[in-house]
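Below are the chains, spelled out letter by letter.
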Amino acid sequence: MLAPVPQRRSVPVVSPPYEFQPPSKKIQSPDDIRRFHDSESGKNFIGFVVALSEAIRSRKLSDPCHVSDTVSSIVSTLETLIQWIEEIPPLQQAARYGNVSYRTWHGRLEETCESMMLRFLPEELTTAMVEIVPYFMDSFGNSSRIDYGTGHETNFAAWLYCLARMGILKEEDYQAVVARVFVKYLELMRKLQLVYCLEPAGSHGVWGLDDYHFLPFIFGSSQLIDHKYMKPKSIHNDDILENFSREFMYLSCIAFIKKVKKGPFSEHSPMLDDISGVPNWNKVNSGMLKMYKAEVLEKVPIMQHFLFGWLIKWYRIPSLL
């Protein structure tokens, strides 16, 4: 049976009494994965990703959008994290991957993470710190392995989802969440990857989409839906990449891959090369959403690290779903 395309869902906002708790890992088996996806938590989380994708549909990154104080605070927090990279240069070392200076950067994040959350947590929600800090802390890679992958990226999406669950991010913010927040997050991650040579976590090599990311391909393909001139095959045109990658996330991802990987595109990125043959961006976008669910959210090695608390609940007994 062909898997259906995940559908958008409105995020249910929590109300008092709040029962925030330290989140913990629950997924250990394919049965657990099924339980998650059959639950309200699973449907609402992927529904949130679809809603973000729809919010940026047919829009350029520079298009005017509503930017709330919360969005501005998150962007400036990410800018601070980028600034730290300048202040913590990589050490000279022989190993290709995993510069140990990344641990210093990550250590600073651990020390200041809570005070950063206070920038946008209203007073009545400060007790949520115990629940949302672990998602944020795990959004930028693993400090012991010095690696980063789609599981960490999913944690960042889960952190944003938790803010939406608390009503701190609202639906009118979604365009800015992609065009301002996620773009800044991507800028930060690309810098961390390049400067500290983060190892790709669980990379599929040439059989994956990208060594590190998935979500910008979802959001980026949505941006290009109904574009007059740019088709999926336009990724092979270097002039288009050079002129439009600042406006379209999908193109910036392709440009980045072409910059860091050597050799013919069809050899180092056969999956993206195949996708460039799809007739329109609508099909690319729905395919990306299905693939994200199947290749990230349904994979035990990735989702065994996913956290569940009160905002993203784990439903123990199927009959309670």
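Residues numbered from 1 in each chain as written. Predicted model: local features only at pLDDT ≥ 70, side-chain atom pairs only at ≥ 80, totals over all residues. Heavy atoms only, no water.

**Digging into the pattern of salt bridges**
Rule in force here: Note on definitions: salt bridges are taken to be side-chain nitrogens of Lys or Arg within 4 Å of carboxyl oxygens of Asp or Glu. Only runs of H or I of at least four residues qualify as helices and only runs of E of at least two qualify as strands under DSSP, and these elements are numbered from the N terminus. Using a 1.4 Å probe on the protein chains alone, a residue whose accessible area is under 20% of its type maximum counts as buried, one over 50% counts as exposed, and one in between counts as partly exposed.
By the definition in use, this model includes 15 salt bridges. One salt bridge in this structure joins Glu-40 and Arg-9, with 2.9 Å as the shortest N-O distance. Of this pair, Glu-40 sits in helix α2 (residues 40-55) while Arg-9 sits in the segment before β1 (24-25), placing them 31 residues apart in sequence. Of the residues examined, Arg-9 reaches a relative accessible area of 29% and is grouped as partly exposed.

**Things to note about the environment of Asp-69**
Relative to the helices and strands, Asp-69 resides in helix α3 (residues 69-87). For Asp-69, a relative accessible area of 69% puts it in the exposed group. In this structure, the C-alpha to C-alpha distance between Asp-69 and Phe-120, residues 51 residues apart in sequence, is 8.1 Å.

**Things to note about unusual backbone geometry**
Note: most peptide bonds trans; most residues except glycine with negative phi. Of note, the bond from Pro-16 into Pro-17 is cis; its omega dihedral lies within 30 degrees of zero at 0 degrees. Tracing the backbone shows Pro-17 in the segment before β1. Phi at Ile-146 is positive, roughly 50 degrees, even though this residue is not glycine. Within the secondary structure layout, Ile-146 lies in the loop between α5 (129-137) and β2 (147-148). The class of Ile-146 is buried, set by a relative accessible area of 3%. Of note, Cys-197 is a non-glycine position whose phi angle comes to about 50 degrees, a positive value. Positionally, Cys-197 belongs in the loop between α7 (174-195) and β3 (199-200).

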